[in-house]
Structures are given as structure tokens and as C-alpha cells.
Amino acid sequence: MKIAVLPGDGIGPEIVAQAVKVIDALRSDGLAIEMEYAHIGGAGYDAAGDPFPAVTEKLAKEADAVLLGAVGGYQYDNLPRPQRPEQGLLRIRKGLGLFANLRPAMVYPELVYASSLKPELVSGLDIMILRELTGDIYFGQPRGIRTLDSGERQGFDTMHYSESEIRRVAHVGFQIAMKRNKKMCSVDKANVLDTSMFWREIVTDVAKEYPQVELSHMYVDNAAMQLVRAPKQFDVILTGNIFGDILSDEASMLTGSIGMLPSASLDANNKGLYEPCHGSAPDIAGKDIANPLATILSVAMMMRYTFANDEVAQRIETAVRKTLQQGLRTGDIAEAGMHKIGTTAMGDAVVAAL
Ligand code: NAD
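Here the structure is a predicted model, which is why all the values come from computation and not from measurement.

Visitor: With reference to specific residues and values, describe the side chain of Ser280.
Guide: Structurally, the position occupied by Ser280 is in the loop between β12 (272-276) and α10 (293-305). Of the polar contacts made by the side chain of Ser280, one reaches the backbone oxygen of Val71; its length is 3.4 Å. In terms of polar contacts, Ser280 uses its side chain to reach the backbone carbonyl oxygen of Gly72, at 2.7 Å. In this view, Ser280 contacts Asp9, Gly10, Ile11, Ala70, Val71, Gly72 and Gly73; residues no more than four positions away in its chain are not counted.

Here it is in C-alpha cells:
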């Protein structure tokens, strides 16, 4: 297993260092894992004048999986757009063809108080949102701002999904559902949008290959409502790029703890980029207070989805659970009066639990 490690900016290097400790512990248990480091984001700009330097691209393409911290920082905010840190992220996703973005929203019993919803609504919550990441209105052409014959200016974008784009992400969704509770809800806006009507038709067709999975469809406005009304009704949610962008952020906040949420972005062969859902948190960088658990849980996802090693994935997840059960908390997930520990101590605690 070859992993490209891209710590990035802000808290990225600190949290990735804890995930690497976990990987090192797995290596000493006999797992054959190789790691190689490269720069991305602001760190790429500082090292090579480019947020996605050619050496990073080469390494990411050669590796089986990529572990990324986060990108971004105040010092890069005034750079021209092509040099901005986030361009590094967009380019690596596009360059590696990562079309399937998986974001679990899980509430650990120990952290149920962190949610803004009532405990009974979120206790035991375990949803997987699968967002198509390389198509839809975010990439459709033509787009722009034009002047109409009337002289009025108009902004416009184009929403489209081709059959192959829908099929491949639907397959990923059904395969994930097969490994979970075998329920998938496809979210669209088929009552208004032709793109969504087509999406629904193709997803329904792909479903014939997965008779064990119970498929349902929901309009996106209703899904947004159901996520805060009764979120535990969902298992896997499959949706397009723009709806997924919004719903995955909504779902992640049901858990109340952004420092706990991992993510995976996969290509057609399950090669993946794994990163926490949060950003580079420049406000707390270098203080040894960031929560490394989202990054550590991203390694668990890597084991499950790229390396098809569910046993190791579960070992990591269980180690995180045990750490929480021991009452260990970084500041972002601590209740008033709880003893807080730092980034490094949290990494050490997970390794000890592992
Ligand atoms: P952010 O996620 O970095 O931070 C939001 C808040 O959550 C901050 O108060 C931060 O301290 C806190 N936080 C985030 N991660 C945490 C952790 N692991 N432990 C404890 N607290 C944590 O979002 P932002 O402040 O909007 O953006 C900061 C920078 O990150 C910007 O430059 C932005 O562009 C970038 N960003 C990068 C990514 C990415 O790399 N995928 C995603 C979002 C934002």
C-alpha cells in the first residue's frame, strides 16, 4: 500500500502527524504500508510557487491513496486565483478523477451532547452521504454573465449529467449500501429539473442490479427538512454535486463536532483521497489543540474503501471509540468541566488504544 501524505497548511501538519502515528503502529503490526510526503495548497505555493506542484501530482498519481490534512491560510488570501491554496484541492480532485465523495455523519454516544438537535434524534446516528463530485452545474458549460438583447445583464450556469456519470456514482452508492444497512435514498429535484428526472431514471435502472438494496427517492427540499426532523431514517444518501454540497454540510453539523468527521473521494478503481471535512483552522494552528480524530478516522476510511481491509478500519474506529470512552477530549468536543488534552496526546491515546 503506497500512501501519498500531503499535510498542507494550518493545522494540517499537526493532525496528519497523529494519523501517521496510527499508520506507523499498523506498520509495526506487519501491514506493508509505504508513505511519501509532498506539498499541497499554501505549502505547495511556498515550496514551488504552485498550490499543486508537479512533483505532488506525480506522487499522488503513483500512490494507491492520498492522505491530506487541509489547505488555506490568511497569508494566501490575496494571491491571484490560480495560486490560491484551494486550487490545489480542486486540481488534485479533478486530476485523479475523484468523482465519488463520501462523507459519513456519525454521532458517537459519548458526544451526543455536541449536537444542536435533541439527543434522542441523533443518538446512534450513522448516515453516509455520497455526493457526485466532478459533474453537475459546478462544471457545466456554457456559464457566465451576459447582456441580453434588452440590455439587461444576466448570470447563467448549465446543469447537466450524462448517463455514464450517473451510472458510475450510482454503482458506488449501491455497493456502499450493500456493506451497510442496504438502504439508499437518491435525492434529486425531479419535480422541476429535467436533469433530475434523468438522474432518477438511471438510478432506478442501476438498482435492478442490486435487488437486496431498498431504493427510495426524495426531493432535495424534503431531504433538507427530513435531515433535521428525523435524520435516523437515512442510511446512504446518493445525490448530485450541488445538492450534495449543501446536504453533506447540513448532515455533518447534526453531529456538532467538525473535528470528528472524515471524508473520502474515490475514483472508478477505489483509489482515494482521504481528508478531514474541516479546513486548516489557522486560528488554532501550531497550538497543539486541534482535534486529530477526523484525520485518523479518514485513515480508517482509506483502509475500508481503497485497501478493502474492513478489519483494520474497524480496529482504528474502535480505538477512537475507546479513547472517547476513557473521557479523553480535545477542546472542540469537551463539555464544560471536562479535562482537555492536546493534539499530540490525543494521537498517542488512539495509538495506545489500538
Ligand atoms: P475551518 O474548518 O478551518 O475552521 C472552522 C472552525 O472550526 C474554526 O474555529 C476552527 O478552529 C475549528 N476547527 C476546524 N477544524 C478543527 C479541528 N480539527 N479541531 C478543532 N477545531 C477545529 O474553516 P474556515 O475557518 O472557514 O477556513 C479556514 C481555512 O481553511 C480557509 O483558508 C479555508 O479556505 C480553508 N478550508 C480548507 C478546506 C480543506 O482543506 N478541505 C475546507 C474548508 C476550508
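Having seen the structure, we can now continue with the description.
Visitor: An account of unusual backbone geometry is requested, with residue identities and associated values reported.
Guide: Cis peptide bonds are those with omega within 30 degrees of zero, and the linkage from Gln141 to Pro142 qualifies with 0°. With respect to the helices and strands, Pro142 occurs in the loop between β5 (126-132) and β6 (144-147). Positioned with a positive phi, Asn270 is a non-glycine residue whose angle comes to about 65°. Note that Asn270 resides in the loop between β11 (262-266) and β12. Residue Asn270 is classed as partly exposed on the basis of its relative accessible area, which comes to 34%. The phi angle at Asp288 is positive, at roughly 60°, despite the residue not being glycine. With respect to the secondary-structure elements, Asp288 resides in the loop between β12 and α10.

Visitor: Residues and numbers for the packing of aromatic side chains, please.
Guide: Per the stated rule, a full pass over the model turns up 3 aromatic pairs. On the numbers, 5.1 Å between centres and 50° between planes, the contact of Tyr161 with Trp199 is tilted. Linking Tyr161 in the loop between β7 (153-156) and α6 (163-179) with Trp199 in helix α7 (residues 194-207), this pair joins segments that are 38 residues apart in sequence. Pair check on accessibility: Tyr161 and Trp199 agree, each one buried. Plain terms: the ring middles of Phe174 and Tyr210 are 4.9 Å apart, the flat faces sit at 5° to each other, and that makes the pair stacked. Taken together, the residues span a long stretch of sequence, with Phe174 in helix α6 and Tyr210 in the loop between α7 and β9 (214-219) at a distance of 36 residues.

Visitor: Explain the pairing of strand β10 (residues 236-239) residue by residue, including any values.
Guide: Residues Val236 and Leu238 line one face of β10 and the alternating positions Ile237 and Thr239 line the opposite face, and both faces are buried. Here β5 runs beside β10; their pairing, made up of 4 bridges, is parallel. Considered in β10, the bridge of Met128 is made with Val236. Sheet analysis places strand β8 (residues 183-188) next to β10, joined by 4 bridges and oriented parallel. Each residue of the ladder has a partner; that of Ser186, found in β10, is Leu238.

Visitor: Which residues make up the nonpolar core, and what are the values?
Guide: Counting residues in each nonpolar core, the largest one holds 65 residues, and the members touching the most others are Leu102, Phe174, Met260, Leu293, Met303, Ile316 and Val320. Contacts of Phe174, omitting those with residues within four sequence positions, involve Met184, Val203, Val206, Ala207, Tyr210, Val213 and Leu215. With 20 residues, the next largest nonpolar core counts Val107, Leu117, Val122 and Ile129 among its residues.

Visitor: An account of the site of the ligand is requested, with residue identities and associated values reported.
Guide: As a matter of local geometry, the ligand sits amid 17 residues, with Val71, Gly279, Ala281, Asp283 and Asn291 nearest to it. Ser280 has a polar backbone atom sitting 3.1 Å from an oxygen atom of the ligand. In this structure, an oxygen atom belonging to the ligand sits 2.9 Å away from a side-chain N or O atom of Asp283. Contact with the protein chains covers 65% of the free accessible surface of the ligand, which is 800 Å².

Visitor: Outline the pattern of salt bridges, listing residues and values.
Guide: Counted by the stated rule, this structure contains 22 salt bridges. Here Arg103 makes a salt bridge to Asp249, at a shortest N to O gap of 3.1 Å. On the criterion of sequence distance, the pair formed by Arg103 in strand β4 (residues 100-106) and Asp249 in helix α9 (residues 241-255) is long-range, its members being 146 residues apart. When salt bridges with common partners are traced through the structure, they connect Glu163, Arg167, Asp205 and Lys208 into a single cluster.

Cut-offs applied
Residues numbered from 1 in each chain as written. Predicted model: local features only at pLDDT ≥ 70, side-chain atom pairs only at ≥ 80, totals over all residues. Heavy atoms only, no water. Helix = DSSP H or I, 4+ residues; strand = E, 2+ residues; numbered from the N terminus. Polar contact = N/O pair within 3.5 Å; in protein donor to acceptor, adjacent residues only side chain to side chain. Contact = heavy atoms within 4.5 Å. Buried < 20%, exposed > 50% of the residue type's maximum accessible area, 1.4 Å probe, protein only. Phe/Tyr/Trp six-rings, centres within 6.5 Å; stacked < 30°, edge-to-face > 60°. Pairing = 2+ DSSP bridges. Core = buried A, V, L, I, M, F, W, Y, C linked by side-chain atoms within 4.5 Å. Near = heavy atom within 4 Å. Areas by Shrake-Rupley, 256 points an atom, 1.4 Å probe, with all protein chains shown as cover. Salt bridge = Lys/Arg side-chain N within 4 Å of Asp/Glu carboxyl O.

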